[in-house]
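Okay, here's what each chain looks like letter by letter:
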Amino acid sequence: MRKNDKILITVLLLIFTINVFPINKPHIINIYREKYHAANKNWAIGQDENGTMYFGNDVGLLEYDGIEWKLSQLPKSRLVRSLAVLSDKTVFTGGYEEFGRWDRGISGQLKYTSLSDGLNKSVLKNNDFWKIWVVKDKVYFQSFTSIFVYDQDGLRQISPGDSFLFLAKVGEQLIVQKMGGALYLLNDERLDKIEGSDFFNNTDVRVILPYTKGGYLLGTATKGIYIYDGKSFSEWNKSLSSITSTKELNCGILTSRGTYYLGTILDGIYEVNEQGEILNQISSENMLQNNTILSLYEDNLNNIWAALDRGIAYIQYIENMSCFTDIGGNTGAVYDATIWNNKFFIGTNQGAFYIDEKDMSATNPLSNMKLINGTQGQVWSFSIIDDKLYCGHNRGIKAIDKNMQVSVPYQSAGVYDIIKTTFGNRDVLLLSTYVSLAILDNTTGKSHHLSAISEPIVKSEIDHLGNIWLEHANRGIYRCQISENLENIEYYSYYGGDSNDGLPYKMKMFKVGGRIVLLGNDKFYTYDDIADSIVPNAILNECFVNIRDLKRVVAIDKNTFWALAGSSIYKFSYDGYRAQILESYNLGMNLSLVNSYENISVVNDSISIVCLDNGYLLYDKSKYGGDTHFKLLSPYLESLQIADTHGKFSYINLSEPAEIPSKYNNVTFYFSVQDMFASNYAVQYMLKGVDNEWSTPQRINKVSYARLAEGRYSLMIRSVDNIGNFSDTVSYEFEVLPPWYNTTWAYLVYILIFVTISYIVWLLILRRYRNLHLQKIRFRETKRLRILADELQNEIEQKKAELLTQTSSIVHKNELLLKIKDIVSDLDLKNKGNISSNQKINALLNNNLNSDDDWKMFLIKFEEKHTGFFKRLKELYPQLTNTDLRLCACLRLNLETKEIASLMNLSIRTVENNRYRLRKKLNIPSTQNLIEFFLSKNI
């Protein structure tokens, strides 16, 4: 929600029409009144180059772009008495003890910066700043006691100590009156007295405007209005001065039409010409909400805005039209009008009124209308027949003669419309009545109803084939043929209504070149006499394709017509082959046609009367020489808001194409169309990349798109009027960036991750294949090693067997030798004589028992089986002797003591002793078996 939305603003929009106009200047004036907080004063008015209006108000600074009102408040909600618009980006304002500048940021919102904060508070005390003017590169702020000038060099005071009334700007010249004294020109921040201006002592000069030939027009509050030609002062118009002196002149402007608008405190606005003659007066008696005019401003469409003591008034001029309304309701709603016998007549729901033709464009013509006695009631239409004015009336026909006397030639039923025609040699009147079509013999005065169609008929027409077309008051259309005696309807066809023929329920009709054209639901239809059917009229439908709420078509001449819509009027040409809209007029919000009985009365080729529910519009082409067609102004992009899904928003600088983060993909464009308030403009938009066609025309000032996908977009906006004319297209390109996971860097990361994963996968696959390959190699190697192991095992077993064999052989040999030795010893004891021989034998046996060769062979075989055994054992236990090592080898072979004794050629006792000594050397506890020790140690 915007800051302004938090401020309660009560808006009451009331719309009126002023019925006073310059002679020979056909215009329409609409008054719009805006009231904020019921009754707020509006002090100053300005406009920027884009058409946005600014108002200094009791509650702050108001903006209006034709669609939306915005309120920007000063600190402490101080009122704004004066303003000056430098551009759509910068506005200067002044108020009570305060002045400063508003600057518009990229958000489109105005932000206030005080320029007076740095001043001594005593200078500002109780001071209101009443006028602000921008002259070249300087800004002047004026209060009753001081004038400050602001430029790029800073802020400074002019002529301190003086008191001033109002600072006025004429062209690039600034003029100020010292309080109750003379006038001064402000030149280069210096006050130069205007000679002779002491004439204005003791009065207030409220208005200083340019006058012809470089002069000035000076309006005072109580002494009238004067002209200054550069040398002397002279009264402008005594009659006008006498009026403004009593009404207290307060403000004024010179309009682009060359007339002066003078605002008063007591009596509203006077429009005067160059001679000081009053052309119009706009006051509370004819539409202003109140008569106190505080400021006047002419906008870029040459329409006038008035700041009132209560509200804001808007005075709109539309070329080629003059508007006259009956504020008091004395005449009522107008249904028809005509000019006859040098008099101007209007038919209303109260009767027939008239004034002299020359007064129909005078001031307040409706207030001067005279009711024709005898016509009281509802007057539907006028027809000039046989030098009489016939009125279609709710009590029949009222015939008015030149003396304003009324007769009643027919009163059987209410009559809507009257047509004079000829059947055979008979002049008759076709009467569209409340109950049926009636025929009145203009010669005999006799009438009769054609009862075959007993329906209320509001209009009748005769086509080129002699068919009579009847428009029902509330539904379809009849086409019929009547008998030669004019007493009966021979046959008829019905279209629309409840006929189920696909045509609109309610239709209006008009005639083009003798042919009937029907209008219903904004579509045109034509009777095809060859096919005897109603068919769409492609030419007219194409011409009015963009126009809605069409009410009725009225013929001006053979090929020119008026088309009435809900709030617009169109003048177009159509010859049966080509249709073209020639002129278009927006009635505005304050004028309305008579509902269901919309009508334009064509007086002649130049003058037409648009009938309103409280007056009429006067169209007089003879007094108009311009062209109603002009180039439509393009919309102006003000700001771009981006927001995320949580409502967090920011604004984008529109000076260059935007790159919008994907998180903020909800976008809102704010824009304005110059003069949308005064003109019947709408806006169309299309977002390339989302929309395939232009939107329907809408009176909006913003457009939003939610959750835009990433990509490039181009917003296109154009203004369109009510007849389908387009302005140049304004476009703005922007890009919604992809989310972080869809950016180039993200894709690079994705590629890197993919490559990394691929590399890891490749490594894993490679590793797997390597493992498989290694497994195969290992399998083959294992197989080979198994084979080798088997071979080695076989070899070990073989070595072991050989070692065992060798050991067993040595043991057995030693045992055998011992036995032999024992035998020899026994023999030696028996044969003591042969001692030497026995000794030799014992010596030989002992040598064989202690053969080193046997041990060497044993050790070789043992080392082959237990490689490094002795080396490791010696390293671990260096104190072991060779005998100990031999014993260790025997123990490693798990030999028993007896086998060890045999192998080592020792006694068992000796082996036991050796084993004991070895246990000590190896530090083996007595509880542990020596053989288990060597086996467990795996030595």
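As shown above, the structure is provided for reference.
Residues numbered from 1 in each chain as written. Predicted model: local features only at pLDDT ≥ 70, side-chain atom pairs only at ≥ 80, totals over all residues. Heavy atoms only, no water.

### Overview of the overall build of the protein
Short version of the rule: The secondary structure listing takes helices from DSSP runs of H or I that are at least 4 residues long and strands from runs of E that are at least 2 residues long, numbered from the N terminus. It only takes one pair of heavy atoms within 4.5 Å for two residues to be counted as in contact. Here the open area of atoms and residues is found with the Shrake-Rupley method and a 1.4 Å probe, where only the protein chains shown may cover a residue.
Within the protein one finds eleven helices and 65 strands. For the protein, long-range pairs separated by at least 24 residues make up 48% of all intrachain contacts whose partners lie at least 6 apart in sequence. If you sum the accessible surface of the protein, you get close to 44,500 Å²; carbon and sulfur atoms cover 50% of it.

### Comments concerning the sheet that holds strand 57 (residues 615–620)
The condition that has to hold: Strands qualify as paired when DSSP identifies two bridges or more between them. Convention adopted: a line fitted to C-alpha atoms gives each axis, helices being fitted over their contacting stretch, and angles between N-to-C directions are expressed from 0 to 180 degrees.
Spatially, four strands are ordered 30-57-56-55 in an open sheet, and the strand pairing comes out antiparallel. Unpaired on one side and paired on the other, strand 30 (321–325) and strand 55 (600–602) mark the two borders of the sheet. Going from strand to strand, the sheet's axes swing by 20 degrees on average, the running direction of each strand aside. Judged from the three bridges that link them, strand 55 and strand 56 (residues 607–612) form a sheet pairing that is antiparallel. Among the inter-strand pairings, Ser-601 is bridged to a residue of strand 56, identified as Ile-609.

### Considerations on the pairing of strand 41 (residues 437–441)
How we decide: Only protein chains enter the accessibility calculation, which uses a 1.4 Å probe. A residue is then buried if its area is under 20% of the maximum for its type, exposed if over 50%, and partly exposed in between.
Buried residues dominate strand 41, accounting for five of its five residues. Of the two faces of strand 41, the one holding Leu-437, Ile-439 and Asp-441 and the one holding Ala-438 and Leu-440 are both buried throughout. Pairing analysis gives five bridges linking strand 40 (residues 426–433) to strand 41, with the strands arranged antiparallel. Bridged to Leu-429 within strand 41 is Leu-440. Where strand 40 folds back onto strand 41 in an antiparallel hairpin, the turn is made up of three residues. Across four bridges, the pairing between strand 41 and strand 42 (residues 447–450) is antiparallel. Across the sheet, the residue bridging to Leu-440 is Ser-447, located in strand 42. The antiparallel hairpin formed by strand 41 and strand 42 contains five residues in its connecting segment, where Gly-445 sits at a positive phi of about 80 degrees.

### Some points on the packing of aromatic side chains
The condition is simple: Planes of paired rings set the category: under 30 degrees apart is stacked, over 60 is edge-to-face and the rest tilted, where pairs are Phe, Tyr or Trp rings (Trp by its six-membered ring) whose centres lie within 6.5 Å.
All told, the structure shown has 56 aromatic pairs when counted by the stated rule. Ring centres of Trp-43 and Trp-130 lie 5.7 Å apart, and the angle between their planes is 80 degrees; on these two criteria the pair is classed as edge-to-face. Of this pair, Trp-43 sits in strand 3 (residues 42–47) while Trp-130 sits in strand 11 (residues 129–135), and the two are 87 residues apart along the sequence. Between Tyr-335 and Trp-380, the ring centres sit 5.3 Å apart and the planes meet at 80 degrees, which makes this aromatic pair edge-to-face. One end of the pair, Tyr-335, is in strand 31 (residues 334–340); the other, Trp-380, is in strand 35 (residues 379–385), with 45 residues separating them in the sequence. Tyr-335 gets classed as buried once you look at its relative accessible area, which sits at 11%.

### Quick notes on the pairing of strand 45 (residues 477–482)
When you tally the buried positions in strand 45, you get six out of six residues, the bulk of the element. Residues Ile-477, Arg-479 and Gln-481 line one face of strand 45 and the alternating positions Tyr-478, Cys-480 and Ile-482 line the opposite face, and both faces are buried. By the bridge criterion, four bridges tie strand 44 (residues 468–472) to strand 45 in an arrangement that is antiparallel. Of the residues in strand 45, the one forming a bridge with Ile-468 is Cys-480. Here strand 45 runs beside strand 46 (residues 489–495); their pairing, made up of six bridges, is antiparallel. Opposite Ile-477, over in strand 46, you have Tyr-495 as the bridge partner. Taken together, strand 45 and the strand that follows it, strand 46, pair antiparallel across an intervening segment of six residues, in which Leu-486 is found at a positive phi of about 65 degrees.

### A short note on the packing of helix 7 (residues 869–876) against helix 8 (residues 882–892)
The condition that has to hold: Every angle not falling under 35 degrees, over 145, or within 65 to 115 is termed oblique; those three ranges are roughly parallel, roughly antiparallel and roughly perpendicular. Take the far helix as the reference: if the near one is turned anticlockwise from it by less than a right angle, the crossing is left-handed, and if turned clockwise, right-handed. We call Asp, Glu, Lys and Arg charged. Ala, Val, Leu, Ile, Met, Phe, Trp, Tyr, Cys and Pro are nonpolar, and the rest, Gly among them, are polar.
Interhelical geometry of helix 7 versus helix 8 gives an angle of 120 degrees and a closest axis separation of 11 Å. Classified by the interaxial angle, the pair formed by helix 7 and helix 8 is oblique. Both helix 7 and helix 8 take part in a crossing whose hand is right-handed. Counted together, Phe-869, Phe-870 and Leu-873 of helix 7 and Leu-885, Cys-888, Ala-889 and Arg-892 of helix 8 form the full contact between these two elements. Split by residue class, the contact of helix 7 with helix 8 holds six nonpolar, no polar and one charged.

### Looking at the nonpolar core
The nonpolar side chains of soluble globular proteins are, as a tendency, buried together. Keep this limit in mind: We define a nonpolar core as any set of buried Ala, Val, Leu, Ile, Met, Phe, Trp, Tyr and Cys residues linked to one another through side-chain atoms lying within 4.5 Å.
Core analysis: the largest hydrophobic core is formed by 28 residues, its most contacted members being Leu-873, Leu-880, Leu-891, Ile-900, Leu-918, Leu-922 and Phe-934. Those elements that provide at least two residues to this core are helix 6 (852–865), helix 7, helix 8, helix 9 (897–904), helix 10 (908–921) and helix 11 (930–937). No other element matches helix 8, which puts six residues into this core. Apart from the residues lying within four places of it in its own chain, the contact partners of Leu-891 are Ile-900, Arg-915, Leu-918, Leu-930, Ile-931 and Phe-934. If you look at the next biggest cluster of nonpolar residues, it comprises 27 residues, including Ile-642, Val-673, Tyr-713 and Ile-717.

### Looking at the sheet that holds strand 40
Taken together, four strands build an open sheet; the order of strands is 39-40-41-42 and the sheet is antiparallel. Where the open sheet ends on each side, the last strands, each with one partner, are strand 39 (415–423) and strand 42. In this sheet, adjacent strand axes meet at a mean angle of 25 degrees when their direction is disregarded.

### So, the environment of Ile-278
By secondary structure assignment, the location of Ile-278 is in strand 26 (residues 278–282). For Ile-278, a relative accessible area of 37% corresponds to the partly exposed category. With 17 residues separating them along the chain, Ile-278 and Tyr-261 place their C-alpha atoms 9.9 Å apart. In this view, Ile-278 contacts Leu-240, Ile-243, Tyr-270, Glu-271 and Val-272; residues no more than four positions away in its chain are not counted.

### As for helix 9
Because the α-helix completes a turn every 3.6 residues, residues three or four places apart line up on one side. By the criterion of burial, helix 9 is predominantly enclosed, with six of the eight residues buried. Within the span of helix 9, buried status applies to Thr-897, Ile-900, Ala-901, Ser-902, Leu-903 and Met-904. One or two positions beyond helix 9, positive phi appears at Asn-905, with a value near 60 degrees.

### A short note on the packing of helix 8 against helix 9
Contact geometry for helix 8 and helix 9: axes closest at 10 Å, N-to-C directions at 135 degrees. Of the possible angle classes, the one that applies to helix 8 and helix 9 is oblique. Helix-helix and strand crossings are classified by hand; for helix 8 and helix 9 the assignment is right-handed. Between helix 8, through Thr-883, Arg-886, Leu-887, Cys-890 and Leu-891, and helix 9, the contact on the second element is made entirely by Ile-900, Leu-903 and Met-904. Looking at the contact of helix 8 with helix 9 residue by residue, the class counts come to six nonpolar, one polar and one charged.

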